[in-house]
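# Descriptive structure summary
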Number of protein chains: 6
Amino acid sequence: MRLQHATWQEVEAYLAHSTGIILPIGSTEQHGPNGPIGTDSLCPEAIAWALGERHGVLIGPTQAIGMAQHHLAFPGSLTLRPSTLVAVLRDTIESLAHHGFTHVFFLNGHGGNIATVNAAFAEVLAERSLGREAAGELHLRLFNWFAGRRGRELAESLYGEAEGSHATASEVSLAWHAAPQTVRDVILSPRLAPTGSAQCDARTFRRRFPDGRMGSDPSLASAEHGARFLEAGVEDAWEAYQAFVTDR
Amino acid sequence: MRLQHATWQEVEAYLAHSTGIILPIGSTEQHGPNGPIGTDSLCPEAIAWALGERHGVLIGPTQAIGMAQHHLAFPGSLTLRPSTLVAVLRDTIESLAHHGFTHVFFLNGHGGNIATVNAAFAEVLAERSLGREAAGELHLRLFNWFAGRRGRELAESLYGEAEGSHATASEVSLAWHAAPQTVRDVILSPRLAPTGSAQCDARTFRRRFPDGRMGSDPSLASAEHGARFLEAGVEDAWEAYQAFVTDR
Amino acid sequence: MRLQHATWQEVEAYLAHSTGIILPIGSTEQHGPNGPIGTDSLCPEAIAWALGERHGVLIGPTQAIGMAQHHLAFPGSLTLRPSTLVAVLRDTIESLAHHGFTHVFFLNGHGGNIATVNAAFAEVLAERSLGREAAGELHLRLFNWFAGRRGRELAESLYGEAEGSHATASEVSLAWHAAPQTVRDVILSPRLAPTGSAQCDARTFRRRFPDGRMGSDPSLASAEHGARFLEAGVEDAWEAYQAFVTDR
Amino acid sequence: MRLQHATWQEVEAYLAHSTGIILPIGSTEQHGPNGPIGTDSLCPEAIAWALGERHGVLIGPTQAIGMAQHHLAFPGSLTLRPSTLVAVLRDTIESLAHHGFTHVFFLNGHGGNIATVNAAFAEVLAERSLGREAAGELHLRLFNWFAGRRGRELAESLYGEAEGSHATASEVSLAWHAAPQTVRDVILSPRLAPTGSAQCDARTFRRRFPDGRMGSDPSLASAEHGARFLEAGVEDAWEAYQAFVTDR
Amino acid sequence: MRLQHATWQEVEAYLAHSTGIILPIGSTEQHGPNGPIGTDSLCPEAIAWALGERHGVLIGPTQAIGMAQHHLAFPGSLTLRPSTLVAVLRDTIESLAHHGFTHVFFLNGHGGNIATVNAAFAEVLAERSLGREAAGELHLRLFNWFAGRRGRELAESLYGEAEGSHATASEVSLAWHAAPQTVRDVILSPRLAPTGSAQCDARTFRRRFPDGRMGSDPSLASAEHGARFLEAGVEDAWEAYQAFVTDR
Amino acid sequence: MRLQHATWQEVEAYLAHSTGIILPIGSTEQHGPNGPIGTDSLCPEAIAWALGERHGVLIGPTQAIGMAQHHLAFPGSLTLRPSTLVAVLRDTIESLAHHGFTHVFFLNGHGGNIATVNAAFAEVLAERSLGREAAGELHLRLFNWFAGRRGRELAESLYGEAEGSHATASEVSLAWHAAPQTVRDVILSPRLAPTGSAQCDARTFRRRFPDGRMGSDPSLASAEHGARFLEAGVEDAWEAYQAFVTDR
């Protein structure tokens, strides 16, 4: 069930038997010459929606803009400052906790969000630990779909080293499967993009990674692969969500 | 063209001939017994995507969570504090301005956002007016799809007074058209919801409006009506956008 | 009774029979060649003080600086960032609520404040709706003196289209009546100022409105007119305040 | 000249020969059984307005609400959080600096503001020292009217130890002179209020100082004394302002 | 006892008989040609650690970076913005209050911190006074070691006017005693540094005080003097702390 | 060279040949029954000071309080909210960048800091990527001493699984070596603490980990081991720092 498609009475009924929710979070940033700018949102969103359909878990709205300051030298990339994203996640979690949700699971598609999401969790929990907030049970979890075991194994088997670390073949495949209109046939040069650290400002990032890719060859991507990554991602995420909501 | 589906090179090419962009903004909040929680996002999103397809204008990602504190007594409603939403819009606009966008047009589906969006515009412009920010051209506009002339006339002709002001027949129709899986057949009691002010806290709001509707009878809604509201909304919004980008 | 002139025991006594208060809010910004910079504060302040004298309602201190970023290209204009004004209003309202005031009525003289004041109301109410704040009754209202029915009719009858939308003949009249030392005899050229949108940065505003006026001919203003606007404003505001405090 | 009463052209002309300005800052807080709640604003405002009339210096709007958290257990007291007041002063100073003012002199009536005003000065200057702000000349000064030499000597001669440190005989006298309608004839018991520290929360403050006075006997106050304090204050403040604007 | 060296069980035991704590706070900023950059932290830290050893009072970690924006034109100086330091002190105090500490005593080595520390105290107390925070007893005190009576007398007797107000002979002596590796033998020119106000930006500060000293001749300093300042400081601070924790 | 012990002229000289600096960052939080509360600061501080002595690299002041909200149910633990720590690091880095430092290396002792430190880096870099900040070269790196290869191997060889993940045998050893007065002889029960996730509020953390340890048996710790961890840590950190400053 998607929260956007439910009525409030349906959410009320859902809460009577489950207090867990999954929220996709991604980014709006360049993904090289053949990956769509929304890749990091499209991927976790596709997995989350499949989870909602198959398992009946409630899926919240997608946070489509993430922390992507290092991509700003490429047109179309958007960023929230970390402090802004912390505030967004704090308000979202507080709203959910107010309704009685106790397990909030963020299904993430963007490595650049990891630090900020974890900082946001700590920001919310600190209010409780300092005693400034009523102390109802609240559990928070970040799961990166791209780091799931099955997805990793599939990427390794399909691409080996050419998977890379940004604008990867796996995420471009999944984005293409989720949104077929985003398939692009582009010659990549060089085939394998350079590697290095992304912890830098946007100007430095573009100097290091001229077309936006990091270590990847997404010309290997295909929508067909994407369908398999979707299945792997759904299984990885469902396993992680199940462990989360059953562990006290 | 949707930003999420474009590559950065395509955005670069777009910027060579246009520096305007449309961003849908809505809310995640109860819409009465038969309206989906995502109504206020689904509506402007549907209009914006149609604009993107028909006119080639670039459509940014949807801001699905808005300022909806007064709806928090109904399960599933989410809110950003106004200060958080100001920060989100500031970072989004600054990112776009950094790439050279000069005309940022927010297509809004939620009355509760209006004050905060306008405050956010002033927050961004103040940095320029105080001389703390490079002074490139930047124009900002908020357009509420539900206040467009054609849409208003259609609602008047179809529903008269039963349109109401929240969980209206028109927006439920458009949401149903945009997301047919959200159609619900629910008996509303009373048919016409009470009227009053929404400028209050959530507890007071629920006391005033027990099932969430304000003055409306959305049992009159239909997906067929929604298709007509989409057309009206596309024409209203396109007219407004054209006036915005051509007026200096 | 003006809060500034009362002792704390007198406020304590007032609270025993009324928990409503009126706070004037304005701006410090250019008002064209013959209007004082304090126009937007002088006007609601004069109306509020008359209300205090005639009806015994408690009048708080005037917030003399508002959101006026678009006027900063004219010497003497001051602005608070919207986020700052939100914080000011939040602290003011929280202080009043702490003493038991339940109805806080802002009497506003500046269109540029409207969005931010409403965002501030939502910021305060969100804390209550999220359950982070003790949930005593709290009602907030913004009333723009310049939009009252009687005042509008008087302006229409005296000036017609020459009233304009900034540095209007009506507000200059009322400011002159409230502070006779501000009367200026200035030749305006052109008589009727250009019209347009004020939602822009300061440089753009000054380019659009070279002497600061928007669509107005305040050479029609007079202190005598101002006395009549005071009466109209007092009646409009009192009616609105009465409706506010008696409506639950 | 008062900024509120000037036109923008008059401010432009003023700036051609002086770039200094005086801003009164006070508080809205209890001042014992016979002192008005606005005492701390009325006093510096009266002195500032006299300076404006006698010496032609430009006088900005009064900041009527200050940092008064410790007075909140007495009805009618309002406070800004220190962080809010810092933001207000930052925006005010940045607006003035934008117009070319180089010497901003705050004439203060409230001891509780001192720390926060100085912190605000440092907040503004830090942006310049860190190189994040254009480095035009900017000088900031806080002057407490109640600490001026002439005023101190007059208080000593009139009241000796009975002057006290809050709701003092001198400030009540000056407030009564500035606003004759605030004169109250109240029996104080005990004549001399207890002494102690005000650096505490509001509950503790009220326990220490049951009627709000600190160490004072303001039954000694009179409007006639107030006229003399006004003269002393004008001379003290003018001397300080002159030293400020002439010292580089 | 130093908090850094204790186990949590030892702190638990300490709280059973005392709820007071001392926290050194200083700065990291230039101290002229022969004073170490850490002077303002080394001095209160040395005094605090001696208090901990001699009297068993708990000593928290040193806040080594303070508000030093005016020193930023000298290499190595670091500053926190006042708003940042307020947040640091707020979180630190809230953490301590959460554990049951009721008397938090800051032993300060830097004049530039005074305003901000006092503003931070008010920021914390305001939450309690507004009723947004549980109202357990909480007392806060700032003590400047350099303003203690015994220390002042010793400096007067040793250096007279050559003590100065920044990079003073007394603080350099104490720093040298606390950290003997910081002793420097430098020819100062002029012997006595110029005097003036430090309330300015960094560029202006350096123009006024070319080598960083203000009015001082720290060539008079010696580690031997430092040992005497340590004794004076310990006595001054202990007296102040005792008065603080026994006064309700 | 320690910044606290240097004069500004010495820093100026240092900058002529190196623009890199190392800053220790830790936490003030419980470390079980035999580990000092300052463990996470004492460890990186000891390594950093050794680096300063052996290699001449400049060592900044230690950030002793980190993000430790989950430890607040144990007396003596202090936390900064993530948003506060972000502000502290931002101001510290901006101060250093202002002086011309280009490579800022944080030597961290606390896993709970990792997310927030990385978010802070992004917060600083975002200003540059958005073009709001002059774009001088700036490189930021976080190195966790406890994750260095040599240290990991030593811990594995000495403790195997009994190393654990909080209040580990290795960090207690190093803290004891760095501060011999912190050695405690305590019977631990059970010898091996329970394991689990630390991403929770303080109440939950204490329920999961009753004496504060996570998976460790620090009764195996010794100051002698600590001397070996210091050597391993110095080599690990120096290697990482060298790679950082030489990689463009």
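Residues numbered from 1 in each chain as written. Chains lettered and ligands numbered in written order. Predicted model: local features only at pLDDT ≥ 70, side-chain atom pairs only at ≥ 80, totals over all residues. Heavy atoms only, no water.

If you look chain A up in an unreviewed UniProt entry, it shows as Creatinine amidohydrolase from Halomonas campaniensis. Here chain A is described in UniProt, under the heading Cofactor (unreviewed entry), as follows: "Zn(2+)". Quoted straight from UniProt, the Sequence similarities (unreviewed entry) entry for chain A says "Belongs to the creatininase superfamily." (UniProt positions renumbered as here; feature names shortened; annotations may be inferred.)

A separate point is the overall build of chain A. Counting secondary structure elements, chain A contains 8 helices and 4 strands. Helices (α) and strands (β) of chain A occur, in sequence order from the N terminus, as α-β-α-β-α-β-α-β-α-α-α-α. On C-alpha atoms alone, chain A measures out to a radius of gyration of 18 Å, which is about the 18 Å that the 2.2 N^0.38 rule sets for 248 residues. Along the longest, intermediate and shortest principal axes, the C-alpha atoms of chain A span 55 × 35 × 30 Å. Accessible area for chain A stands at about 7,700 Å²; split by element, carbon and sulfur atoms hold 53% of it. The average position of the 19 basic charges and that of the 27 acidic charges among the side chains of chain A differ by 6 Å. (Helix = DSSP H or I, 4+ residues; strand = E, 2+ residues; numbered from the N terminus. Rg over C-alpha atoms; globule rule 2.2 N^0.38 Å. Areas by Shrake-Rupley, 256 points an atom, 1.4 Å probe, with all protein chains shown as cover. Lys, Arg positive; Asp, Glu negative; His and termini not counted. Charge placed at Lys NZ, Arg CZ, Asp CG, Glu CD.)

What follows concerns the arrangement of the chains. Chain A makes no contact with chain D; the smallest distance between any of their C-alpha atoms is 17 Å. Chain F makes no contact with chain C, the minimum C-alpha separation between the two being 17 Å. (Contact = heavy atoms within 4.5 Å.)

Superposing chain B onto chain A requires a rotation of 180 degrees together with a translation of 0.0 Å along the rotation axis, leaving an RMSD of 0.0 Å. Read as a symmetry element, the transformation amounts to a two-fold axis. Taking C-alpha positions as reference, the residue of chain B nearest the rotation axis is Thr84(B), located at 3.4 Å. Interface overlap between copies is the fraction of interface residues in one copy that are interface residues in the other; for chain B against chain A it reaches 100%, indicating a shared surface. (Least-squares fit on C-alpha atoms with pLDDT ≥ 70 in both.)

Counting residues at the interface gives 53 residues for chain B, matched by 53 residues for chain A. Carbon and sulfur atoms supply 57% of the area buried between chain B and chain A, which totals about 4,200 Å² over both sides. Contact with chain A buries area across many residues of chain B, yet Gln4(B), His5(B) and Trp8(B) alone supply 17% of it, more than any other trio. At the junction of chain B and chain A, the tally comes to 6 salt bridges. For the side of chain B that touches chain A, the element with the most residues is helix H3 (residues 82–99) of chain B, which contributes 11 residues. Residue classes in the side of chain B that touches chain A are distributed as 22 nonpolar, 22 polar and 9 charged. (Buried area = accessible area lost by both parts, 1.4 Å probe. Salt bridge = Lys/Arg side-chain N within 4 Å of Asp/Glu carboxyl O. Nonpolar A, V, L, I, M, F, W, Y, C, P; charged D, E, K, R; others polar.)

On to the pairing of strand E1 (residues 20–25) of chain F. Residues and elements named next belong to chain F. Among the 6 residues in E1, 6 count as buried, and that is most of the element. A two-sided burial pattern is seen for E1, the buried positions comprising Gly-20, Ile-22 and Pro-24 on one face and Ile-21, Leu-23 and Ile-25 on the other. In the sheet, E1 pairs with strand E2 (residues 103–108) via 6 bridges, with the strands oriented parallel. When the sheet's bridge partners are listed, Ile-21 is paired in E2 with Val-104. (Buried < 20%, exposed > 50% of the residue type's maximum accessible area, 1.4 Å probe, protein only. Pairing = 2+ DSSP bridges.)

Looking now at unusual backbone geometry. Between Ser189(E) and the following residue, Pro190(E), the backbone shows a cis peptide bond with an omega angle of 0 degrees. Tracing the chain through its elements places Pro190(E) in the loop between helix H6 (169–178) and helix H7 (202–208). A positive phi angle, close to 55 degrees, is found at Ala167(A), a residue other than glycine. Tracing the backbone through its elements, the reader meets Ala167(A) in the loop between helix H5 (149–159) and helix H6 (169–178).

Looking now at the packing of helix H5 (residues 149–159) of chain C against helix H8 (residues 223–246) of chain C. All names here are of chain C. Between H5 and H8, whose axes approach to 7 Å, the crossing angle comes to 155 degrees. Classified by the interaxial angle, the pair formed by H5 and H8 is roughly antiparallel. On the side of H5, the interface is formed by Arg-149, Arg-150, Gly-151, Leu-154, Ala-155, Leu-158 and Tyr-159, while H8 contributes His-225, Arg-228, Phe-229, Ala-232, Glu-235, Asp-236 and Glu-239. (Axes fitted to C-alpha atoms, helices over the stretch in contact; angles between N-to-C directions. Parallel < 35°, antiparallel > 145°, perpendicular 65-115°, else oblique.)

If you rotate chain A by 120 degrees and push it 0.0 Å along the axis, it lands on chain C with an RMSD of 0.0 Å. Taken together, the rotation and translation relating the two chain copies correspond to the operation of a three-fold axis. Among all residues of chain A, the minimum C-alpha distance to the rotation axis is found for Arg132(A), at 5.0 Å.

Residue and element names in this part refer to chain F. With 17 residues, helix H2 (residues 39–55) should cover 24 Å at 1.5 Å per step; its first-to-last C-alpha distance of 24 Å lies within 8% of that length. Counting buried positions along H2 yields 13 of 17 residues, so the element is predominantly enclosed. At the C-terminal side of H2, Gly-56 shows a positive phi close to 75 degrees. (Expected span 1.5 Å × (residues − 1).)

This brings us to the sheet that holds strand E4 (residues 139–144) of chain E. All names here are of chain E. Taken in spatial order, the 4 strands of this open sheet run E2-E1-E3-E4, and their pairing is parallel. If you trace the sheet from one side to the other, it starts and ends with strand E2 (58–59) and E4, each paired once. Pairing geometry for strand E3 (residues 103–108) and E4, over 6 bridges, is parallel. Paired with Phe-105 across the strands is Arg-141, a residue of E4. Running at roughly 160 degrees to strand E1 (residues 20–25), helix H3 (residues 82–99) makes contact with E1, E3 and E4 of the sheet.

Here we come to the interface of chain A and chain C. The interface is formed by 5 residues belonging to chain A together with 4 residues belonging to chain C. A combined buried area of about 400 Å² lies between chain A and chain C, and 39% of that area is made up of carbon and sulfur atoms. Here chain A is connected to chain C by 0 salt bridges. It is helix H3 (residues 82–99) of chain A that contributes the most residues to the side of chain A that touches chain C, 3 residues altogether. Of the residues that constitute the side of chain A that touches chain C, the class distribution is no nonpolar, 2 polar and 3 charged.

This part is about the confidence of the model for chain A. The predicted model of chain A has a mean per-residue pLDDT of 97, with 98% of residues at 70 or higher. Here the prediction assigns the complex a pTM of 0.98, and the interface score ipTM is 0.97. (pLDDT = per-residue confidence, 0-100.)

Evaluation of the coordinates by the stated rule reveals 54 aromatic pairs over all chains. Arranged with centres 4.7 Å apart and planes meeting at 50 degrees, the rings of Phe205(B) and Phe209(B) form a pair that is tilted. For the residue pair Phe205(B) and Phe209(B), the accessibility class agrees, reading buried in each case. Here the aromatic rings of Phe105(F) and Tyr241(F) are separated by 5.3 Å at their centres, their planes lie at 85 degrees, and the arrangement is edge-to-face. Pair noted here: Phe105(F) is in strand E2 and Tyr241(F) is in helix H8 (residues 223–246), with a separation of 136 residues, a long-range link. Directly above the ring of Trp49(A) sits Arg2(A), whose terminal nitrogen or CZ lies 3.6 Å from the centroid. (Phe/Tyr/Trp six-rings, centres within 6.5 Å; stacked < 30°, edge-to-face > 60°. Lys NZ or Arg CZ within 6 Å of the ring centre and 35° of its normal.)

Most often, soluble globular proteins keep nonpolar side chains buried together rather than apart. In this structure, Leu107(C) and Leu107(D) are the most contacted members of the largest nonpolar core, which totals 141 residues. Considering every element that reaches this core, the biggest residue donor is helix H8 (residues 223–246) of chain D, with 9 residues. Contacts of Leu107(C), omitting those with residues within four sequence positions, involve Ile22(C), Leu23(C), Pro24(C), Ile25(C), Pro44(C), Ile47(C), Ala48(C), Leu51(C), Phe143(C), Trp145(C) and Ala237(C). (Core = buried A, V, L, I, M, F, W, Y, C linked by side-chain atoms within 4.5 Å.)

Strand pairing in a sheet is mediated by backbone hydrogen bonds. Such pairs are either parallel or antiparallel. Residue and element names in this part refer to chain B. Here 3 strands make up an open sheet; going across it, the order is E1-E2-E3 and the pairing parallel. Looking along the sheet, the strands with just one partner apiece sit at the ends: strand E1 (20–25) and strand E3 (139–144). Strand-to-strand, the axes of this sheet are offset by a mean angle of 20 degrees, without reference to chain direction. Each of E1, strand E2 (103–108) and E3 touches helix H4 (residues 114–129); the most contacted strand, E3, lies at about 175 degrees to it. Strand contacts of helix H8 (residues 223–246): E1, E2 and E3, with the helix running at about 160 degrees to E2, the strand carrying the most contacts.

Turning our attention to empty space enclosed by the protein. Evaluated as defined, the whole model comprises 13 cavities of 30 Å³ or more. Quantified by volume, the second largest cavity comes out at close to 180 Å³. In terms of lining residues, the second largest cavity is bounded by 23 residues, among which Thr62(C), Gln63(C), Thr62(D), Gln63(D) and Ala64(D) are the most central. Mapped onto the lining of the second largest cavity, the elements with two or more residues apiece are strand E1 (20–25) and helix H3 (82–99) of chain C together with strand E1 (20–25) and helix H3 (82–99) of chain D. Classifying every residue of the lining of the second largest cavity gives 17 nonpolar, 6 polar and no charged. (1 Å grid on protein atoms, 1.4 Å probe; cavity = no way out; pocket = protein on both sides within 12 Å on 5 of 7 lines; lining within 4 Å. Points joined across faces, edges and corners; volume = space filled by probe spheres on them.)

Before going further, it helps to spend a moment on the side chain of Asn108(C). All names here are of chain C. With respect to the helices, strands and loops of the structure, Asn-108 is situated in strand E2 (residues 103–108). Given the relative accessible area of 0%, Asn-108 is considered buried. At 2.8 Å, the side chain of Asn-108 forms a polar contact with the backbone oxygen of His-110. (Polar contact = N/O pair within 3.5 Å; in protein donor to acceptor, adjacent residues only side chain to side chain.)

A few words now on the side chain of Gln63(F). Residues and elements named next belong to chain F. Mapping Gln-63 onto the fold places it in the loop between H2 and helix H3 (82–99). Polar contacts involving the side chain of Gln-63 include one to the main-chain carbonyl oxygen of Ile-65, which spans 3.0 Å. Setting aside residues up to four positions removed in sequence, Gln-63 forms contacts with Pro-24, Ile-25, Gly-26, Ser-41, Leu-80, Leu-85 and Val-88.

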